[in-house]
There are 2 protein chains.
Amino acid sequence: MGLKQVQRQTGVALWRQIADRIREAISSGAYDETGMVPPETVLALQFGVNRHTVRSALAALAQEGIVRAVQGRGTLIERKERLNFPITRRTRFTAGIGDQAREMRGLLLDEAKEEASAEIARWLGLKPGEQVIRLETLRQADKRPVSRATSWFPAERFAGIGEAYRAGESITKAFAELGLPDYVRATTEVTAAHASAADMADLELTPGAILLIAKAMNTDLEGVPVQYSISRFAADRVQFTIEN
Amino acid sequence: MGLKQVQRQTGVALWRQIADRIREAISSGAYDETGMVPPETVLALQFGVNRHTVRSALAALAQEGIVRAVQGRGTLIERKERLNFPITRRTRFTAGIGDQAREMRGLLLDEAKEEASAEIARWLGLKPGEQVIRLETLRQADKRPVSRATSWFPAERFAGIGEAYRAGESITKAFAELGLPDYVRATTEVTAAHASAADMADLELTPGAILLIAKAMNTDLEGVPVQYSISRFAADRVQFTIEN
DNA sequence: GACCATTTGTCCGTATGTATG
DNA sequence: TCATACATACGGACAAATGGT
């Protein structure tokens with residue numbers, strides 16, 4: 001253990017590689033016994049780098065609010081949660097969290113009526129060019145940003161969904177408000193990618209950060225598509241679970 | 001579009017950020033019309049950097065075999081596939097690929113008999129310390145590495161599974177060989193993270209590359225756990241699909 | 001209080017990598 | 001290819017804070 005875990009001259013600074021590994025180790029529970037990160041000198045030895053380089057990594061993690069350094073004592077772990085999102089036929093953002101967070105919120109960032117692109121039309125079972133409503137939303141757990149989603153809805157059937165979402169702060173409540181009491185998740189596609197500059201800002205991420213991307217289609221109980229969405233989750237804050 | 005897509009002084013070199021974005025643009029089909037990447041000067045303008053910096057990014061992509069620069073013509077796209085893996089109750093690596101690739105192979109890198117850790121024992125329904133067999137495998141599609149997996153099996157029930165896997169090049173065939181004709185996927189946990197140095201080497205990735213990680217548990221038809229595995233997929237080569 | 005080992009914080013200088021023009 | 005500016009990484013030395021004896 002602890003040999004050549006990081007690589008040089010690859011376009012990714014050593015301190016960033018080390019920060020990513022320590023963040024992973026924290027969220028995987030590697031330091032649960034002490035609640036602290038090992039001393040800088042120990043980490044430097046483990047990663048085969050200078051202590052200064054480790055300090056840069058820890059400074060970045062402190063900036064993210066994950067650790068807090070205390071002179072004379074060590075570097076304490078402040079946060080280590082990773083929210084679990086079950087992906088099932090009844091997937092709901094808020095309910096899925098359950099008791100993992102106290103306060104769940106969905107904020108409406110933007111709303112627009114537009115013509116469906118070929119891809120959106122295909123997913124919603126519309127003809128390209130038909131009107132759809134697009135919602136840009138930000139979801140938070142205990143005031144911490146968790147995901148940025150772009151959702152499309154058939155405009156005719158769900159007129160006013162933006163206002164309903166803003167009021168209820170959830171898709172489920174907005175649907176209910178518009179006369180759709182229940183819906184189901186039909187398909188989900190999962191990929192991963194680097195965060196765009198815009199998503200980095202909204203999700204309070206740093207460059208090099210990873211997104212888990214879920215492209216999802218929901219239907220009503222008759223199987224008619226009601227929503228297509230592309231959700232970008234901060235990968236170090238969540239995991240998906242699929243139960244078969 | 002095209003403004004401030006990359007950030008400075010973040011521990012990730014601009015040329016690497018740009019290489020990552022172009023790689024994703026290619027695999028998402030953004031340049032399908034021409035089959036080429038835009039000219040270096042155009043990219044430099046789009047990303048707001050010097051042409052030298054774009055050249056560094058394209059050189060890295062050429063090194064990966066994704067693009068090929070031709071003097072006087074431009075930079076041609078050599079490869080852009082993204083394999084789809086359905087995650088269902090009957091998830092199988094080889095069959096899941098279907099017609100997306102011609103040749104599917106599973107290579108056995110290492111085999112070991114060891115005592116189950118607390119986590120492995122929990123997943124396999126064993127007592128910690130009971131014997132398990134661990135297989136390290138590399139899966140390829142058309143000779144291109146797709147995923148690195150670490151799998152654990154109850155040692156008593158599946159003695160000799162390493163040899164069976166080496167011969168059949170698939171878990172399904174190895175199970176059949178050992179008298180288990182059928183099995184089902186019980187749960188799958190999906191996360192994303194940066195690649196370790198070892199996975200980078202096996203999957204022919206570059207630093208900063210992203211892994212889609214699937215922790216999966218398979219059972220026999222009676223619901224008895226037969227396999228727990230942690231598979232790391234090159235995120236820019238695959239996507240997962242969940243059908244509900 | 002004094003003393004100690006441990007750990008983080010700060011400063012110096014130097015070499016190399018990254019990015020621009 | 002050259003020159004320039006800044007970020008990254010290293011090595012060493014010492015200061016400051018903490019928790020113990």
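Residues numbered from 1 in each chain as written. Chains lettered and ligands numbered in written order. Predicted model: local features only at pLDDT ≥ 70, side-chain atom pairs only at ≥ 80, totals over all residues. Heavy atoms only, no water.

Residues and elements named next belong to chain B. Spatially, β1-β3-β2 is the arrangement adopted by the three strands of the open sheet, whose pairing is antiparallel. On the outer flanks of this sheet lie β1 (36–37) and β2 (67–70), each paired with one strand and no other. The pairing of β2 with strand β3 (residues 74–77) spans four bridges and is classified as antiparallel. Along β3, the bridge assignment pairs V70 with G74. (Pairing = 2+ DSSP bridges. Helix = DSSP H or I, 4+ residues; strand = E, 2+ residues; numbered from the N terminus.)

All names here are of chain A. Inspection of the secondary structure puts I77 in strand β3 (residues 74–77). C-alpha of I77 to C-alpha of R166: the two residues are 89 residues apart in sequence and 35 Å apart in space. Ignoring any residue separated from it by four or fewer positions in sequence, one finds I77 in contact with I26, Y31, G35, M36, V37, I66 and V67. (Contact = heavy atoms within 4.5 Å.)

The subject of this paragraph is the protein's contact with DNA strand C. In the vicinity of DNA strand C lie 22 residues, with R51 and Q71 of chain A together with L14, W15 and T53 of chain B positioned nearest. Taking the atoms of DNA strand C that fall within 4 Å of the protein, sugar and phosphate contribute 69% of them. At the level of secondary structure, the elements contributing two or more residues to the surface near DNA strand C comprise α3 (51–63), β2 (67–70) and β3 of chain A together with α1 (14–27) and α3 (51–64) of chain B. Counting residues per element, the surface near DNA strand C draws most heavily on α3 of chain A, which supplies three residues. Class assignment of the residues belonging to the surface near DNA strand C gives a composition of seven nonpolar, ten polar and five charged. (Near = heavy atom within 4 Å. Nonpolar A, V, L, I, M, F, W, Y, C, P; charged D, E, K, R; others polar.)

With that settled, the discussion passes to the side chain of R134 of chain A. Residue and element names in this part refer to chain A. Here R134 shows up in strand β6 (residues 131–141). In this structure the side chain of R134 is engaged in a polar contact, spanning 3.0 Å, whose partner is the side chain of E114. At a separation of 2.8 Å, a polar atom in the side chain of R134 contacts the side chain of E136. (Polar contact = N/O pair within 3.5 Å; in protein donor to acceptor, adjacent residues only side chain to side chain.)

The next point concerns the sheet that holds strand β10 (residues 225–234) of chain A. What the eight strands build is an open sheet, ordered β5(A)-β6(A)-β7(A)-β10(A)-β9(A)-β8(A)-β11(B)-β4(B); its pairing is mixed. The sheet is open, and its two edges are formed by β5 (104–115) of chain A together with β4 (83–87) of chain B, each paired on a single side. Strand-to-strand twist across the sheet, computed as the mean angle between neighbouring axes with direction ignored, equals 20 degrees. Pairing geometry for β6 of chain A and strand β7 (residues 144–154) of chain A, over ten bridges, is antiparallel. Looking at β7 of chain A, one finds that R134 of chain A is bridged to W152 of chain A. Lying over the sheet, helix α6 (residues 161–168) of chain A contacts β5, β6 and β7 of chain A, oriented at roughly 170 degrees with respect to β5 of chain A. (Axes fitted to C-alpha atoms, helices over the stretch in contact; angles between N-to-C directions.)

Another aspect to go through is the nonpolar core. When a protein is soluble and globular, its nonpolar side chains tend to lie buried together. L212, F233 and F240 of chain A together with L212, F233 and F240 of chain B are the most contacted members of the largest nonpolar core, which has 34 residues in total. Of all the elements in the fold, those that place two or more residues in this core are β4 (83–87), β8 (184–194), β9 (210–219) and β11 (238–243) of chain A together with β4, β8 (184–194), β9 (210–219) and β11 (238–243) of chain B. With residues near it in sequence (within four places) discarded, F233 of chain A still touches F85, F93, R139, V146, S147, I210, L211, L212, A214, V238 and F240 of chain A. (Core = buried A, V, L, I, M, F, W, Y, C linked by side-chain atoms within 4.5 Å. Buried < 20%, exposed > 50% of the residue type's maximum accessible area, 1.4 Å probe, protein only.)

For the rest of this paragraph, the subject is the pattern of salt bridges. Following the criterion strictly, the structure yields 29 salt bridges over all chains and no others. Residue R134 of chain A pairs with E114 of chain A through a salt bridge whose shortest N-O separation is 3.0 Å. Taken together, the positions of R134 of chain A in strand β6 and E114 of chain A in strand β5 put the pair 20 residues apart, joining distant regions of the chain. Among the ionic pairs, R232 of chain B bridges to D199 of chain B, the shortest N-O distance being 3.0 Å. Taken together, the residues R232 of chain B in strand β10 (residues 225–234) and D199 of chain B in helix α8 (residues 197–202) connect sequence positions 33 residues apart. Salt bridges here are not isolated pairs; linked through shared partners, they connect R16, D20, R23, E64 and D236 of chain A. (Salt bridge = Lys/Arg side-chain N within 4 Å of Asp/Glu carboxyl O.)

Here chain A averages 88 in pLDDT, and 93% of its residues register 70 or above. Averaged over each element, pLDDT in chain A is lowest for helix α4 (residues 93–97) of chain A (63) and highest for β10 of chain A (96). (pLDDT = per-residue confidence, 0-100.)

Next up on the list: the interface of chain B and chain A. Residue-level contacts link 43 residues of chain B with 42 residues of chain A. Of the roughly 3500 Å² buried where chain B meets chain A, counting both sides, 56% is carbon and sulfur surface. Counting across the interface, chain B meets chain A through zero salt bridges. Here chain B and chain A share ten residue pairs in polar contact (both at pLDDT 80 or more) between them. Elements that contribute at least two residues to the side of chain B that touches chain A include exactly α1, β8, α8, β9 and β11 of chain B. Residue classes in the side of chain B that touches chain A are distributed as 18 nonpolar, 15 polar and ten charged. Bridge count for β11 of chain A against β8 of chain B is four bridges, and the pairing is antiparallel. From the neighbouring strand, E243 of chain A faces β8 of chain B, where its bridge partner is T187 of chain B. (Buried area = accessible area lost by both parts, 1.4 Å probe.)

A word on the packing of aromatic side chains. The relative placement of two aromatic rings is captured by the distance of their centres and the angle of their planes. Counted according to the given criterion, the structure contains 18 aromatic pairs over all chains. Taken together, the aromatic side chains of F153, F158, F175 and Y183 of chain A make up a single cluster linked through ring pairs. (Phe/Tyr/Trp six-rings, centres within 6.5 Å; stacked < 30°, edge-to-face > 60°.)

A few words on the layout of surface pockets. By volume, the largest pocket is sized at about 1700 Å³. For the largest pocket, the lining is made up of 49 residues, of which R21, E24, A25 and S28 of chain A together with A193 of chain B are closest to its centre. Tallied by class, residues from the lining of the largest pocket come to 21 nonpolar, eleven polar and 17 charged. (1 Å grid on protein atoms, 1.4 Å probe; cavity = no way out; pocket = protein on both sides within 12 Å on 5 of 7 lines; lining within 4 Å. Points joined across faces, edges and corners; volume = space filled by probe spheres on them.)

Another aspect to go through is the packing of helix α2 (residues 40–47) of chain A against α3 of chain A. Residue and element names in this part refer to chain A. Running from amino to carboxyl end, α2 crosses α3 at an angle of 105 degrees, the nearest separation of the two axes being 8 Å. One way to sum up the angle between α2 and α3 is to call them roughly perpendicular. Across from E40, T41, L43 and A44 in α2, the residues of α3 making contact are R51, V54, R55 and L58. Across the contact of α2 with α3, the residue classes tally to four nonpolar, one polar and three charged. (Parallel < 35°, antiparallel > 145°, perpendicular 65-115°, else oblique.)

So, on to the relation of the copies chain B and chain A. Overlaying chain B with chain A gives an RMSD of 0.3 Å, the required rotation being 180 degrees about an axis along which the chain moves by 0.3 Å. Here the copies are linked by what is in effect a two-fold axis. The C-alpha atom lying nearest the rotation axis in chain B is that of V12 of chain B; the distance is 2.1 Å. Taken as a fraction of all interface residues of chain B, those also at the interface in chain A reach 98%, which identifies the copy contact as same-surface. (Least-squares fit on C-alpha atoms with pLDDT ≥ 70 in both.)

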